[in-house]
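An overview of the molecular structure
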Amino acid sequence: MAKLILSVDGQVLKEYTLSKERTLIGRKPHNDIQIDNLAVSGEHAAIITILNDSFIEDLGSTNGTMVNGKPIKKHFLQANDVIEIGKHKLKYFNDAPSQTSPADFEKTMIIRSPAKAPPPAEKSSSDTVTNMRPPAPEVVKPAAPVAPPPPPAGHAEHAPLPEAAIQVLSGAAAGRTLDLTKNLTTVGKPGLQVAVITKRPNGYFITHVEGATFPTLNGASLGATAHPLADHDMIEIAGVKMEFFFKP
């Protein structure tokens, strides 16, 4: 399991195990890692840990966050990385094999809010969707009125995980589909709202990773914890609706 060693001026203060999916770092007492120093913002940064991988996100702190001497907004953590917050340092250790690569966190499906989306003929080249197939003409997979029942509990754990995808239902990218082939797939609008969909042995899960407000799942706020995804679940991120579905 991944862990952090907190130190200041070369003196080790404490060791933290990254056992939560979202670990908050900041000056205020409610943080998981509290650093009581005026150079540290109330909620300074967050570490997202999914499977064997972790990445750190600066939460708009006053003095910024550095990793290995360089300022970051979001950074995929690798063994022996040193996070610097003020004069304090957090060294990252992880003996478990990684489930993905740093580049996968940059492959985010970019979406744009439909409220300000231009007509399709005039849409900007900046509205891009990474790793996605061109949409078939007039093909939009409608949400099924009733989700199929889950498999019997007796052999759910033995059944292979079916292939799945998400399809954008609104906005400039409506009709486009993204296959969920990787262990981690990020989707959203960087700087506004981003979530990660995790492919695990026991199913697909969605977790909020960036943005002041949470995406919604079937009309309810995701919150800070991971939620399992069921066939034909409706997701809304950055004002864009999409559907999760299992492929036939």
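Everything discussed here concerns the structure shown above.
Residues numbered from 1 in each chain as written. Predicted model: local features only at pLDDT ≥ 70, side-chain atom pairs only at ≥ 80, totals over all residues. Heavy atoms only, no water.

Going through the model one piece at a time under the given rule, you end up with three aromatic pairs. When the centroid spacing of 5.5 Å and the interplanar angle of 55° are considered together, the rings of Tyr204 and Phe244 count as tilted. Here the residue Tyr204 occupies a position in strand 17 (residues 203–210), and Phe244 occupies one in strand 22 (residues 240–246), the gap between them amounting to 40 residues. Looking at Tyr204, the relative accessible area reads 1%, which means it is buried. Both rings, one in Phe244 and one in Phe246, keep their centres 5.2 Å apart while their planes meet at 80°; by these two values the pair is edge-to-face. (Phe/Tyr/Trp six-rings, centres within 6.5 Å; stacked < 30°, edge-to-face > 60°. Helix = DSSP H or I, 4+ residues; strand = E, 2+ residues; numbered from the N terminus. Buried < 20%, exposed > 50% of the residue type's maximum accessible area, 1.4 Å probe, protein only.)

What follows deals with unusual backbone geometry. Non-glycine residue Asp9 carries a positive phi angle of around 50°. The topology assignment puts Asp9 in the loop between strand 1 (3–8) and strand 2 (11–17). Residue His232 is not a glycine yet carries a positive backbone phi of 70°. Relative to the elements of secondary structure, His232 occurs in the loop between strand 20 (227–228) and strand 21 (234–237).

In this structure the tally under the stated criterion is four salt bridges. With a closest N to O distance of 3.7 Å, Lys3 and Glu15 form a salt bridge. With Lys3 in strand 1 and Glu15 in strand 2, this pair connects stretches of sequence that are 12 residues apart. The exposure class assigned to Lys3 is partly exposed, which follows from its relative accessible area of 29%. Residue classification places Glu15 among the partly exposed residues on the basis of a relative accessible area of 45%. Across the salt bridge formed by Asp32 and Lys20, the nearest N and O atoms sit 2.7 Å from each other. Of this pair, Asp32 sits in the loop between strand 3 (22–26) and strand 4 (33–34) while Lys20 sits in the loop between strand 2 and strand 3; the two residues are 12 residues apart in sequence, bridging distant segments of the chain. (Salt bridge = Lys/Arg side-chain N within 4 Å of Asp/Glu carboxyl O.)

If you trace the five strands from one edge of the open sheet to the other, you get 4-3-5-6-9, paired in mixed fashion. Pairing within the sheet leaves two strands with one partner each, and these edge strands are strand 4 and strand 9 (74–76). Where strand 3 lies against strand 5 (residues 45–50), four bridges are found, and the strand directions are antiparallel. Opposite Ile25, over in strand 5, you have Ala45 as the bridge partner. (Pairing = 2+ DSSP bridges.)

Further remarks concern the side chain of Asp233. With respect to the helices and strands, the residue Asp233 is situated in the loop between strand 20 and strand 21. When its relative accessible area of 10% is taken as the criterion, Asp233 is described as buried. Of the polar contacts made by the side chain of Asp233, one reaches the backbone nitrogen of Ala230; its length is 2.8 Å. (Polar contact = N/O pair within 3.5 Å; in protein donor to acceptor, adjacent residues only side chain to side chain.)

The subject of this paragraph is the sheet that holds strand 14 (residues 177–179). What links the strands of a sheet is backbone hydrogen bonding, and the strands pair in either a parallel or an antiparallel sense. Spatial ordering of the open sheet is given by 14-13-22-21-18-19, a layout of six strands whose pairing is antiparallel. Single-partner strands in this sheet number two, and they are strand 14 and strand 19 (220–221). In terms of strand pairing, strand 18 (residues 216–217) meets strand 21 through two bridges, oriented antiparallel. Bridging from a neighbouring strand, Thr216 pairs with Glu236 of strand 21.

Turning our attention to the pairing of strand 2. Pairing analysis gives six bridges linking strand 1 to strand 2, with the strands arranged antiparallel. Following the sheet pairing, Ser7 is matched in strand 2 by Val12. Hairpin connection from strand 1 to strand 2: two residues lie between these consecutive antiparallel strands, with Asp9 at a positive phi of about 50°.

What follows covers the side chain of Arg200. On the secondary structure map, Arg200 appears in strand 16 (residues 193–200). Judged by relative accessible area, Arg200 falls into the buried class, the value being 16%. In terms of polar contacts, Arg200 uses its side chain to reach the side chain of Glu21, at 2.7 Å. What Arg200 contacts, discounting residues up to four positions off in sequence, is Glu21, Ile50, Leu51, Leu161, Phe205 and Ala226. (Contact = heavy atoms within 4.5 Å.)

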